[in-house]
Amino acid sequence: MVEEINPYEVAKTQIDIVAKEMKLDPNITEYLKRIERALIVSIPIKMDDGSIKIFEGYRVHHSTVRGPGKGGIRYSPHVYLDEVKALATWMTWKTSLLNLPLGGAKGGVCVDPKKLSKAELERLTRRYTAEIINIIGPDIDIPAPDVNTNAQIMAWIMDVYSMQKGRSVPGVVTGKPIEIGGSVGREPATGMGLYFVLQALCEKLNLKLKDLSIIVQGFGNVGGTIAELLYNHGCKILAISDISTGLYCGDGLNIEKLLKWTKEGNYLKDYKDNNYKLISNDELLTSKCDVLIPSAIENQITDKNAEKIKCKIIVEGANGPTTPEADKILYKKGIHVLPDILANSGGVCVSYFEYIQDIHSYFWKLDRINEELKRIIIEAFEETYQISQERKIPLRTAAYIIAVSRIARAIELRGVFP
Ligand code: GLU
């Protein structure tokens, strides 16, 4: 399904905005708007009923100029090439902003995983891996989980890759189960990162985090973790949502109970509590709150609803939830937007830790993971905040200045082959 707003066009517009702000060499601007390579693959799968179905998959490298490609793989019936190109581009900025020695990549398979049995999902994952095997690897491109993919799927990818190489290669993917070279703290890492940067922004704005009311769109790994962290911190969580509905309660939702409910495989729409109200996605995004945390997919805050948004802070748990048109409106309204490439970078940060732990075959304790994550993400936040204050520009543009400068410098130093 082709969405109305093409995320790759959004990604290119964001490059134009920062290029103008930092007076970037137009040659570099054009360079950054191109992806290095994209592979489109057909994935034939024998279904449980004996029939064969063919799915389409992608793996895109946007930039490997600062290190191997890095980025998740998503399974969704709506995935298409331009979306994966945009997501790969955003990964480049994310790894660069954190100053990790990695590039930007992304993958996707156009499939609704809920419609597959576990055996079919495994066959799909294994065949997809076999199809992209020549462009992944610890020195080439390291996949990880994203929307609708998880540690089990990473384990299958690692197994296919290792079988081909004739030895165990845990460093080919991150977000693996801990038993086979995964890292403690990787699963909640994106949510942890959101929490650290939100806390840091609250300090700058003289706000007490625990007094704030919160709305979270999405209740998967990212949305669920941040909702839980903030709930445990004492914040009132006014609303959450999954694909079935939004759920609202003016007195605050009980996140522990809701997490238990959804982890058992249930939808929010079937949760019974007379004090909770079912609301639409649009109502959820435009309800009054202090902090809005879009943690689902792209293009949620657009020129259609940005004017109606009534929060003080937006923390982008998802990649690309806000369009450039919406950004302008939000900035005028004085809403602080903690941009995706900073806010949700905790995931890739701990992925990097997993990758180096695998290389060294030496594994860290959770305290060390969280301490290093906090240090790296807060350093990026401080730098971003300072530039945004000095130049009087949105946090997104400031974060882009840092990320794009590093990439531009690497291109300049390496030169253009041949
Ligand atoms: N899919 C996550 C993201 O968008 C994690 C990527 C990774 O760990 O490589 O940042």
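Look a little higher up for the structure.
Residues numbered from 1 in each chain as written. Predicted model: local features only at pLDDT ≥ 70, side-chain atom pairs only at ≥ 80, totals over all residues. Heavy atoms only, no water.

Some remarks on the overall build of the protein chain
Item 1. When its secondary structure is counted, the protein chain shows 14 helices and 12 strands.
Item 2. Against the compact-globule benchmark of 22 Å for 418 residues, the protein chain has a radius of gyration of 20 Å, which places it among compact chains.
Item 3. Taking all 418 residues of the protein chain together, 59% fall into the buried category.
Item 4. In the protein chain, the proportion of contacts linking residues at least 24 apart, taken out of those at least 6 apart, comes to 69%.
Item 5. Accessible surface computed for the protein chain: about 18,100 Å², of which carbon and sulfur atoms make up 51%. (Helix = DSSP H or I, 4+ residues; strand = E, 2+ residues; numbered from the N terminus. Rg over C-alpha atoms; globule rule 2.2 N^0.38 Å. Buried < 20%, exposed > 50% of the residue type's maximum accessible area, 1.4 Å probe, protein only. Contact = heavy atoms within 4.5 Å. Areas by Shrake-Rupley, 256 points an atom, 1.4 Å probe, with all protein chains shown as cover.)

Quick notes on helix 6 (residues 189-204)
Item 1. Here helix 6 spans 23 Å end to end across 16 residues, near enough to the 22 Å set by a 1.5 Å rise per residue.
Item 2. Within helix 6, 13 of the 16 residues are buried, which leaves the element mostly enclosed by the surrounding structure.
Item 3. Phi turns positive, to about 55°, at Asn206, one or two residues after helix 6. (Expected span 1.5 Å × (residues − 1).)

Brief notes about the site of the ligand
Item 1. The immediate surroundings of the ligand are formed by 14 residues, with Lys70, Lys94, Lys106, Asp146 and Ser351 found nearest.
Item 2. Within the contact set of the ligand, an oxygen atom lies 3.1 Å away from a side-chain nitrogen or oxygen of Arg186.
Item 3. Protein burial of the ligand: of its 290 Å² of free accessible surface, 94% is covered by the chains.
Item 4. Listed by contribution, the elements that provide at least two residues to the shell around the ligand are strand 3 (69-76), helix 3 (81-97), strand 5 (141-145) and helix 12 (346-360).
Item 5. Residues belonging to the shell around the ligand are distributed by class as follows: four nonpolar, five polar and five charged. (Near = heavy atom within 4 Å. Polar contact = N/O pair within 3.5 Å; in protein donor to acceptor, adjacent residues only side chain to side chain. Nonpolar A, V, L, I, M, F, W, Y, C, P; charged D, E, K, R; others polar.)

Considerations on the nonpolar core
Item 1. Trp93, Leu230, Ile240, Leu258 and Leu338 are the most contacted members of the largest nonpolar core, which has 95 residues in total.
Item 2. At 12 residues, the largest contribution of residues to this core is made by helix 14 (residues 395-414).
Item 3. Not counting chain neighbours up to four residues away, the residues in contact with Leu230 comprise Tyr195, Leu198, Leu209, Ile214, Cys235, Ile237 and Ile293.
Item 4. Ranked by size, the runner-up nonpolar core spans 26 residues in total, among them Ile73, Tyr75, Ile157 and Tyr161. (Core = buried A, V, L, I, M, F, W, Y, C linked by side-chain atoms within 4.5 Å.)

Quick notes on the sheet that holds strand 6 (residues 213-217)
Hydrogen bonds along the backbone pair up the strands of a sheet, which may run parallel or antiparallel.
Item 1. Spatial strand order, 9-8-7-6-10-11-12: seven strands in an open sheet with mixed pairing. Edge positions in the sheet fall to strand 9 (277-279) and strand 12 (336-338), since each has one partner strand and no second. Pairwise comparison of adjacent strand axes, ignoring direction, gives a mean angle of 20° for this sheet.
Item 2. Packing against the sheet, helix 7 (residues 221-233) makes contact with strand 6, strand 7 (236-241) and strand 10 (291-294), and its axis sits at approximately 165° to strand 6. (Pairing = 2+ DSSP bridges. Axes fitted to C-alpha atoms, helices over the stretch in contact; angles between N-to-C directions.)

Details of the packing of helix 13 (residues 366-391) against helix 14
Item 1. It is at 8 Å that the axes of helix 13 and helix 14 come closest, and there the two elements cross at 115°. Put simply, helix 13 runs roughly perpendicular to helix 14. Seen along the crossing, helix 13 lies across helix 14 with a hand that is right-handed. Here helix 13 contributes Glu383, Thr384, Tyr385, Ile387, Ser388 and Arg391 to the contact with helix 14, which in turn contributes Leu395, Ala398, Ala399, Ile401, Ile402 and Arg406.
Item 2. Taken together, the residues of the contact of helix 13 with helix 14 break down into seven nonpolar, two polar and three charged. (Parallel < 35°, antiparallel > 145°, perpendicular 65-115°, else oblique. Left-handed = near helix turned anticlockwise from the far one by under 90°.)

With respect to the packing of aromatic side chains
Item 1. Scanning the model with the defined rule gives seven aromatic pairs in all.
Item 2. Taking the centre distance of 5.5 Å and the plane angle of 80° together, the rings of Trp261 and Tyr271 count as edge-to-face. Taken together, the residues span a long stretch of sequence, with Trp261 in helix 8 (residues 255-263) and Tyr271 in the loop between helix 8 and strand 9 at a distance of 10 residues.
Item 3. Residue classification places Tyr271 among the buried positions, given a relative accessible area of 16%.
Item 4. Measuring from centroid to centroid gives 5.9 Å for Tyr271 and Tyr276, while their planes differ by 20°, and the two rings are stacked.
Item 5. Clustering of aromatic rings is evident, with ring pairs tying together Trp261, Tyr271 and Tyr276. (Phe/Tyr/Trp six-rings, centres within 6.5 Å; stacked < 30°, edge-to-face > 60°.)

With respect to the sheet that holds strand 5
Item 1. Across the sheet, which stays open at both edges, the five strands sit in the order 1-2-4-3-5 with mixed pairing between neighbours. The open sheet is flanked by strand 1 (37-46) and strand 5, the only strands paired with a single partner. In this sheet, neighbouring strand axes are inclined to one another by 25° on average, regardless of whether the strands run parallel or antiparallel.
Item 2. Bridge count for strand 2 (residues 52-63) against strand 4 (residues 104-110) is six bridges, and the pairing is antiparallel. Paired with Arg59 across the strands is Gly107, a residue of strand 4.

Observations regarding the pairing of strand 10
Item 1. The two faces of strand 10 match: Val291 and Ile293 on one face and Leu292 and Pro294 on the other face are all buried.
Item 2. Across four bridges, strand 6 lies against strand 10 in parallel orientation. If you follow Ile215 over to strand 10, its bridge partner there is Leu292.
Item 3. Sheet topology note: the strand 10/strand 11 (residues 313-315) ladder contains two bridges and is parallel. Its bridge partner lying in strand 11, Leu292 is registered against Ile314.

Structural notes on the pattern of salt bridges
Item 1. Taken as a whole, this structure holds 31 salt bridges when the rule is applied.
Item 2. Note that Lys312 and Asp290 form a salt bridge whose closest N and O atoms lie 2.7 Å from each other. Here Asp290 lies in the loop between helix 9 (281-286) and strand 10 and Lys312 lies in the loop between strand 10 and strand 11, a separation of 22 residues in the sequence.
Item 3. You can call Lys312 partly exposed: its relative accessible area is 39%.
Item 4. Accessibility expressed as a relative area gives 13% for Asp290, which makes it buried.
Item 5. Ionic pairing is found between Arg375 and Glu372, a salt bridge with its closest N-O pair at 3.2 Å. Linking Arg375 with Glu372, this pair stays in helix 13, spanning three residues, or about one helical turn.
Item 6. Where salt bridges share partners, they join Arg74, Glu83, Lys106, Asp146 and Glu298 into one cluster. (Salt bridge = Lys/Arg side-chain N within 4 Å of Asp/Glu carboxyl O.)

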